[in-house]
Amino acid sequence: MAKQHVVTTLNGNSVEFLCDTHQTLLEVLRDELHLTGTKEGCGTGDCGACSITLNGRLVCSCLTLGVEAQGKSVETIEGMSNGENLHVLQRKFLEHAALQCGICTPGVLVAARSLLERNSDPTETEVRFWLAGNLCRCTGYNKIVEAVLDAAKEMRGA
Amino acid sequence: MSTVLDRTEKTLKVIGTRPVRPDGVPKVTGLAQYGADFSLPGMLWGKILRSPHAHARIRSINTAKALALPGVKAVITSADLPDQKFDYVGPERVAVNFWHMTRNIMAREKVLYEGHAVAAVAATTSAIAAEALRLIEVDYEVLPHVIDVDEAMKPDAPLLFEDMITRGITPAPTKPSNISKRIEYKMGDVDAGFAAADEIVELNFKTAPVHQGYIEPQACLARADADGQTELWASSQGHFVVRTMTVKLLGMKTGDLRVHPAEIGGAFGGKTVVYVEPVAVALSRKTGHPVKIMMSREDVFKATGPTSGTSSTIKIGVTRDGKIVAAEALFKYQAGAFPGSPVMNGCMCGFAPYDIPNVRTIGYDVVCNRPKATAYRAPGSPMSAYAVESTLDMVAAKIGMDPLQLRLKNTAKPGTQLVYGAKHAHAGFAETLQALQRHPGYTAPLGKNQGRGVASGYWFNGGGESSATVHVNEDGTAVVATGSPDIGGSRASTALMAAEALGIPYEHVRPIIADTNSVGYTQATGGSRVTYATGMAVINACNKVIAEMCARAAKIWKIDAADVIWEEGCARPAGKRLGEFEPLSFKEIASKRTATGGPISAAASLNAEGQAPGFSTQFCDVEVDPETGHVKILRYVAAQDAGRAIHPAYVEGQIQGGVVQGIGWALNEEYIYDQEGHLSNAGFLDYRIPVASDLPMIETILVEVPNPNHPYGVKGVAEANIVPPMAAVANAIYHATGRRMTELPMSPPKVLAALDSGRGG
Amino acid sequence: MSEMRYEAPKTLESAVALLSGATGLARVLAGGSDLLIQMRTGRVEPELLVDIKGIPEMTSIVAEKGGFRFGAAVSCMELHEHKAFAQAWPGLTEAAMLIGSYQIKGRATVGGNLCNASPAADSVPALIAASATASIVGPNGRREARVEDIATGPGKTSLAKGEIVASFLLPPRPAHAADAYLRFIPRTEMDIAVVGAGVNLTLNDKGVCTHARVVLGAVAERALLVAEAANALIGTKVDAAALQRLSAAASAACRPIDDKRGTKEYRIKVAGVMTRRAAAIALDRARRMN
């Protein structure tokens, strides 16, 4: 079967690619578009390492087909900073030492940004439940939660 | 919340601060490259065929159909790897047997667990490689299997190795069994000790096997050139270890394999061995193309080494005043399909925090039809501590003594004899106990269905071989190259130690992890050894650089090098030349290197000794739902002796991470097998590691009792924190419910059954 | 190697035509959070995927006949974000919000949850307790069905070839009516329900329960509508004694299996506990609702 031709918007840029119908968006991002910031931790939607946003909605790219990106807007970790300017969340993660091995970090950052876009003043509990879909085995989540709360505070101008 | 106690040194400039890690930006922007993130032109995709059976003889493997599939470039089996001599090599505690290892990489006579690698293919796409696996025909003769450690020790259990005679028993048994080894340590006279005890507690415990749970599956990219020179990009805790094992398994010259350390997405001991690397190299050799292999999550659970499930019996005797007079332990650990469980460590560590005159520990290393056990954070110690620390809690309850007080009364100190022959050389344990005693939360009141539990733990920590090279750039910045993969922020502590030693700003130090061709041999990042041993290599190299800097200054000033000292980042005239010249900074000397003798760099290597063990004491408050058995962690406080916290945030992070792994081990993590020996929960859905909403903030107390053997007093911190949590949680459940949980995990059905039965579960 | 066709029709008619005309295995793609996992393991190898997320009826939430009609392909997050819907049906909404992580909820749908027919599906007990009806479109036209008649067993539905569940209709809410859904899981998130309990009840002005529906999940081959448990509440003020009878009836109705998520005994016990707790929440909500 011929490959599918997909036109999509990726981190604000118009992008086109070819893929097989069975390829997930995660596989397309990593293997066709060579954006390896989005990670495969499980391939079954249980770990959140592959988190991206699709039309602004936080989803697992391992459970989305590449062809489904047609005509939509995809945002990955690679689109989070702006040149030299890191997003507040990225800065706070570094300041708070909220990463150790860093493999879960792209997914957590994408998920956390999605939270703060919807809820600018989350409680600790709200942050923990929002991030329940992002497994981290290194940090025990402590500094991740502290970094997200601190980023929210700065973004509110508090 | 974190407290740092007992900081005695006031003159350190950068050590103890919390700067951003040097490798941080690539990691928060998605640019850092992990094992699966590398590609090369012409790359092929490798996939591994795995046994569907827990135990079977391999009658034949037919790869013809797979080879014929368009896009498939090679298929390999064990026939493509040389066989190895049967021999246990290396120190007993970490002995390796390549005869076993090659069979774990690719099965030969038998498959010994579901998921055991049998063959591998390389193809032009991942989908074609997966299709090719389906076309490989393996004829199996299925055999009875055994998984549980007690079952595997029974005289009529199915045998994994028909010729396995237990080592460590004299005279040697005549009948083969699944018991690979028996070990025994003793000191004093336990029988006399128990006879003198006023109270004795004896309990049996069982723990389920658990996986390290790293989020990154194993992955690598190999490129073997036609002349045998090979490059490998691998995510591993030790790329030198990857090199050693891979060249041995493939019959290569060590110098022909260059291993590049990828960033690593978690390991906790599970990536100190090889799985996909020799396979990728073999496929690359056969095809003449680079080959990439990435394990799936299912394969990680089915085929990579978790830690042992265990069965143990603990007996502790005390006099009424709380003095422990005798202690005995029997530990049976699952090794998985090949010998090498960490039972020795369990025997050595269980009673190690305490000064007990009469001790005996016996251990059995038992093979069974599941993946070969690999190190998991303080390997062997958490399981033994769960049993010992739970028993101690019952002892404390029996004599009406506070559990911290009981431990303080029996604390090991420098000079205390350990059951395995050595003597304690370092303090630190008592200080962790005292830190908790002083914590206001320790005496805070609790509500209905709530309880508080205390536990301690010990881990040897490692020294070992490390190398470092320091190059000084003309602008006064410095590159510090080590061979220690950075699992959790060690580049930051490396840069801090180098900056402190050289007297230059932290931001001027550029730490890198160099490949196996570019820096001296370095043992794996594990054993909590990097800040200690690699730190010492870095400091030694820095000291050599300083000596060279002083010599250059002497040349510039035309004075004797003996009259130059290094102070606060500058060379200064001293002795009889004191005050004669203005100091020359690191940067200034660096800029004059060409005229004064050329590039300035230094290398240092060592086999570090004198490391101090890790001690941690923790308390935990839980609430138990009496109608469902669900356990909620309300509060967790962990104290650990760090010697000196080079970068306190990363030390806190190690403690928090290890504690949470311990909580998962305590409450929900286990391998669930069906009747055929197949793993039912080979994924993160049903292998339940803690999620963010399961936990409160983990409070850390950094105790600092410096280790005099390290220039900055460092004690390794990565591992001792996972040793106490299972007992801390079990003890908390006991105090909340009156039920003693003697089996892990303490999942809701088990807790509810214990509550309803009126007894311990 | 399997080659799979992917189609994204814009109308129900064309979706139905694709599915009923398929010669090989065809599957509806909604959120994909069950289907893509089944495809990955090779359990399901479709030759045709029909992506229905571009069809208006399937992706909208509208007021209808005093109640709500929501499309079978509306994501859990969209349901949750619809204030009026969430206010009228807090139990169904919280059930939908328990289907996995926020990433999963951004894609997963109630239609997919129902038609995947896992006995432990979280949205189904509350959907049945709400007396929801499904509007099904197929080659022979449109028909309405009670939601409890759709799943017939693990992975099986009563849908004929070519039929799609297009939307769900929820009836108007009388005064003092509220629903609740609770499930038991070992962690606090990310687990499949060991037991699920959906309770929907209505009180009269005197606080007496006049209507109730109690549905259990994960304790049988499909969600169980337990009349005896509902009868324990009807005619009472839902006091402690009534709740006890409800709890006992729920436990008695279970016919669970032993599996890696729970034993028979545990499920039977906890079913009673969860049902009672869910009923208490529904009661509290109903008392506060006008």
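For clarity, every value in this text was computed on a predicted model and none was experimentally measured. (Residues numbered from 1 in each chain as written. Chains lettered and ligands numbered in written order. Predicted model: local features only at pLDDT ≥ 70, side-chain atom pairs only at ≥ 80, totals over all residues. Heavy atoms only, no water.)

**With respect to the overall build of chain C**
For step 1, the next point in the chain: When helices and strands are counted, chain C shows 11 helices and 14 strands.
For step 2, the next point in the chain: For the C-alpha atoms alone, the extent of chain C along its principal axes is close to 60 × 45 × 35 Å.
For step 3, the next point in the chain: Within chain C, the proportion of its 290 residues that are buried is 58%.
For step 4, the next point in the chain: For chain C, the proportion of contacts with a sequence separation of at least 24, taken over those separated by at least 6, is 60%.
For step 5, the next point in the chain: Here chain C displays about 11,100 Å² of accessible surface, and carbon together with sulfur accounts for 54% of that area.
For step 6, the next point in the chain: Across chain C, the mean location of the 35 positive side-chain charges is 4 Å away from that of the 28 negative side-chain charges. (Helix = DSSP H or I, 4+ residues; strand = E, 2+ residues; numbered from the N terminus. Buried < 20%, exposed > 50% of the residue type's maximum accessible area, 1.4 Å probe, protein only. Contact = heavy atoms within 4.5 Å. Areas by Shrake-Rupley, 256 points an atom, 1.4 Å probe, with all protein chains shown as cover. Lys, Arg positive; Asp, Glu negative; His and termini not counted. Charge placed at Lys NZ, Arg CZ, Asp CG, Glu CD.)

**Considerations on the sheet that holds strand β22 (residues 509-513) of chain B**
All names here are of chain B.
For step 1, the next point in the chain: The 4 strands are arranged β22-β21-β20-β26 in an open sheet whose pairing can be described as mixed. Only two strands of the sheet have a single neighbouring strand rather than two, namely β22 and β26 (601-608). Between one strand axis and the next, the sheet turns by 20° as a mean value, whatever way the strands run.
For step 2, the next point in the chain: Bridge count for strand β20 (residues 464-472) against β26 is 8 bridges, and the pairing is antiparallel. Bridge pairing in β26 places serine 467 opposite serine 605. (Pairing = 2+ DSSP bridges. Axes fitted to C-alpha atoms, helices over the stretch in contact; angles between N-to-C directions.)

**Some thoughts on the interface of chain C and chain B**
For step 1, the next point in the chain: Listed as interface residues are 20 residues of chain C and, on the opposing side, 24 residues of chain B.
For step 2, the next point in the chain: Taking both sides of the interface into account, the surface hidden between chain C and chain B amounts to around 2,000 Å²; carbon and sulfur atoms contribute 52%.
For step 3, the next point in the chain: For the interface between chain C and chain B, the tally reads 8 salt bridges.
For step 4, the next point in the chain: With a closest N to O distance of 2.7 Å, Asp756(B) and Lys269(C) form a salt bridge. (Buried area = accessible area lost by both parts, 1.4 Å probe. Salt bridge = Lys/Arg side-chain N within 4 Å of Asp/Glu carboxyl O.)

**Notes on the packing of aromatic side chains**
All names here are of chain B.
For step 1, the next point in the chain: Following the criterion strictly, the structure yields 28 aromatic pairs over all chains and no others.
For step 2, the next point in the chain: One aromatic cluster is present, built from ring pairs that chain together Tyr354, Tyr420, Phe429, Tyr458, Trp459, Phe460 and Phe615.
For step 3, the next point in the chain: The cationic tip of arginine 167 hangs over the ring face of tyrosine 88; the distance from NZ or CZ to the ring centre is 3.8 Å.
For step 4, the next point in the chain: Positioned above the aromatic ring of phenylalanine 194, the side-chain terminus of lysine 315 is 4.4 Å from the ring centre. (Phe/Tyr/Trp six-rings, centres within 6.5 Å; stacked < 30°, edge-to-face > 60°. Lys NZ or Arg CZ within 6 Å of the ring centre and 35° of its normal.)

**Side note on the interface of chain B and chain A**
For step 1, the next point in the chain: The interface is formed by 55 residues belonging to chain B together with 45 residues belonging to chain A.
For step 2, the next point in the chain: Summed over both partners, the interface of chain B with chain A buries about 4,000 Å², with 59% contributed by carbon and sulfur atoms.
For step 3, the next point in the chain: The three residues of chain B that bury the most area against chain A are Val28(B), Ile215(B) and Met697(B), which together make up 18% of that side's buried surface.
For step 4, the next point in the chain: Joining chain B to chain A, the criterion identifies 4 salt bridges.
For step 5, the next point in the chain: For Lys143(A), the salt bridge identified is with Glu652(B), shortest N-O distance 2.6 Å.
For step 6, the next point in the chain: Elements with a contribution of two residues or more to the side of chain B that touches chain A: α1 (24-29), α9 (297-303) and α18 (648-667) of chain B.
For step 7, the next point in the chain: Here the element with the most residues in the side of chain B that touches chain A is α18(B); it accounts for 9 residues.
For step 8, the next point in the chain: Looking at the side of chain B that touches chain A, its residues break down into 31 nonpolar, 16 polar and 8 charged. (Nonpolar A, V, L, I, M, F, W, Y, C, P; charged D, E, K, R; others polar.)

**Details of the sheet that holds strand β25 (residues 584-585) of chain B**
Residues and elements named next belong to chain B.
For step 1, the next point in the chain: Taken in spatial order, the 3 strands of this open sheet run β23-β24-β25, and their pairing is antiparallel. Both outer strands of the open sheet, β23 (564-567) and β25, are each paired with one neighbouring strand and no more.
For step 2, the next point in the chain: As defined by bridge partners, strand β24 (residues 570-573) adjoins β25 across 2 bridges and the pair is classed as antiparallel. Across the sheet, residue cysteine 570 finds its bridge partner in β25, namely serine 585.

**Structural notes on the confidence of the model for chain C**
For step 1, the next point in the chain: Mean pLDDT for chain C: 96, with 99% of residues reaching 70 or above.
For step 2, the next point in the chain: At the level of chain-chain contacts, confidence expressed as ipTM amounts to 0.98, with global pTM at 0.97. (pLDDT = per-residue confidence, 0-100.)

**With respect to the domain arrangement of chain A**
Accessible area lost on assembly of the parts is the figure often given for the size of an interface.
Residue and element names in this part refer to chain A.
For step 1, the next point in the chain: When the domains of chain A are assigned, the result is domain 1 (4-79) and domain 2 (88-156).
For step 2, the next point in the chain: The C-alpha centroid of domain 2 is placed 21 Å from the C-alpha centroid of domain 1.
For step 3, the next point in the chain: Contacts between the two partners involve 16 residues from domain 1, matched on the other side by 14 residues from domain 2.
For step 4, the next point in the chain: Across the domain 1/domain 2 interface, buried area totals approximately 1,100 Å², and carbon plus sulfur atoms make up 57% of it. (Domains from an automatic or database assignment.)

**Remarks on the pattern of salt bridges**
Proximity of charged atoms lets side chains of opposite charge pair with each other.
Residues and elements named next belong to chain B.
For step 1, the next point in the chain: Summed over all chains, the structure comprises 89 salt bridges over all chains.
For step 2, the next point in the chain: Of the charged contacts in the structure, one is a salt bridge between lysine 65 and glutamate 137, with a shortest N-O distance of 2.4 Å. One end of the pair, lysine 65, is in helix α2 (residues 64-68); the other, glutamate 137, is in strand β9 (residues 137-142), with 72 residues separating them in the sequence.
For step 3, the next point in the chain: Assessed through its relative accessible area of 48%, lysine 65 is described here as partly exposed.
For step 4, the next point in the chain: Across the pair glutamate 184 and arginine 360 runs a salt bridge whose closest N-O atoms are separated by 4.0 Å. Of the two residues, glutamate 184 is situated in strand β10 (residues 179-187) and arginine 360 in strand β18 (residues 359-367); the sequence distance between them amounts to 176 residues.
For step 5, the next point in the chain: For arginine 360, a relative accessible area of 26% puts it in the partly exposed group.

**Description of the nonpolar core**
For step 1, the next point in the chain: One finds Phe93(A) and Val148(A) to be the most contacted residues of the largest nonpolar core, which totals 214 residues.
For step 2, the next point in the chain: For this core, the element with the highest residue contribution is helix α11 (residues 381-399) of chain B, accounting for 10 residues.
For step 3, the next point in the chain: Core analysis: the second largest hydrophobic core is formed by 84 residues, Ala15(C), Leu29(C), Ile55(C) and Ala121(C) among them. (Core = buried A, V, L, I, M, F, W, Y, C linked by side-chain atoms within 4.5 Å.)

**Focus on the packing of helix α10 (residues 240-253) of chain C against helix α11 (residues 264-288) of chain C**
All names here are of chain C.
For step 1, the next point in the chain: In contact at an axis separation of 8 Å, α10 and α11 are set at 140° when each is read in the N-to-C sense. Taken as axis vectors, α10 and α11 run oblique relative to one another. The hand of the α10/α11 crossing is right-handed. Counting all contacts with α10, which are made through Leu243, Gln244, Leu246, Ser247, Ala250 and Ser251, the residues of α11 involved are Ile268, Lys269, Ala271, Gly272, Val273, Thr275, Arg276, Ala279 and Ala280.
For step 2, the next point in the chain: Across the contact of α10 with α11, the residue classes tally to 8 nonpolar, 5 polar and 2 charged. (Parallel < 35°, antiparallel > 145°, perpendicular 65-115°, else oblique. Left-handed = near helix turned anticlockwise from the far one by under 90°.)

**Digging into the pairing of strand β5 (residues 67-71) of chain C**
All names here are of chain C.
For step 1, the next point in the chain: Most of β5 is tucked away: 5 of the 5 residues are buried.
For step 2, the next point in the chain: Here β5 shows a buried face lined by Gly67, Arg69 and Gly71 and a second buried face lined by Phe68 and Phe70.
For step 3, the next point in the chain: Here strand β4 (residues 61-64) pairs with β5 via 4 bridges, running antiparallel. Residue alanine 63 lies in a different strand from β5, and its bridge partner there is phenylalanine 68.
For step 4, the next point in the chain: The antiparallel hairpin formed by β4 and β5 contains 2 residues in its connecting segment, where lysine 65 sits at a positive phi of about 50°.
For step 5, the next point in the chain: Of the pairings in the sheet, the one linking β5 to strand β10 (residues 164-170) comprises 4 bridges and is antiparallel in character. Across the sheet, residue glycine 71 finds its bridge partner in β10, namely serine 167.

**Considering the environment of Gly90(B)**
For step 1, the next point in the chain: By the element assignment, Gly90(B) lies in the loop between β5 (88-89) and β6 (96-97).
For step 2, the next point in the chain: By relative accessible area, Gly90(B) is classed as exposed at 56%.

**Digging into the pairing of strand β2 (residues 44-50) of chain B**
All names here are of chain B.
For step 1, the next point in the chain: Buried residues dominate β2, accounting for 6 of its 7 residues.
For step 2, the next point in the chain: In this sheet, strand β15 (residues 291-294) lies alongside β2 in parallel orientation, the contact comprising 3 bridges. Within β15, the residue paired with leucine 44 across the bridge is valine 291.
For step 3, the next point in the chain: Where β2 meets strand β8 (residues 117-123), 6 bridges bridge the pair, whose relative direction is antiparallel. Its bridge partner being in β8, glycine 46 is matched across the sheet by alanine 122.

**Notes on the environment of Ala218(C)**
Residue and element names in this part refer to chain C.
For step 1, the next point in the chain: Tracing the backbone shows alanine 218 in the loop between β13 (209-217) and β14 (224-225).
For step 2, the next point in the chain: Given the relative accessible area of 9%, alanine 218 is considered buried.
For step 3, the next point in the chain: A C-alpha to C-alpha distance of 29 Å links alanine 218 and arginine 287, two positions 69 residues apart in sequence.
For step 4, the next point in the chain: Each residue touching alanine 218, except ones within four places of it in the same chain, is listed here: Pro119, Ala120, Ala193, Val194, Val195, Pro256 and Arg267.

**So, the state of the cysteines**
For step 1, the next point in the chain: Scanning all chains against the criterion turns up 0 disulfides over all chains.
For step 2, the next point in the chain: Cys138(A) carries a free sulfur, and the closest cysteine sulfur to it, the one in Cys101(A), is 3.7 Å from it.
For step 3, the next point in the chain: Of the residues examined, Cys138(A) reaches a relative accessible area of 4% and is grouped as buried.
For step 4, the next point in the chain: Cys347(B) takes part in no disulfide bond, and the closest cysteine sulfur, belonging to Cys349(B), lies 9.6 Å away.
For step 5, the next point in the chain: On the basis of relative accessible area, Cys347(B) is assigned to the buried category, the value being 1%. (Disulfide = S-S within 2.5 Å.)

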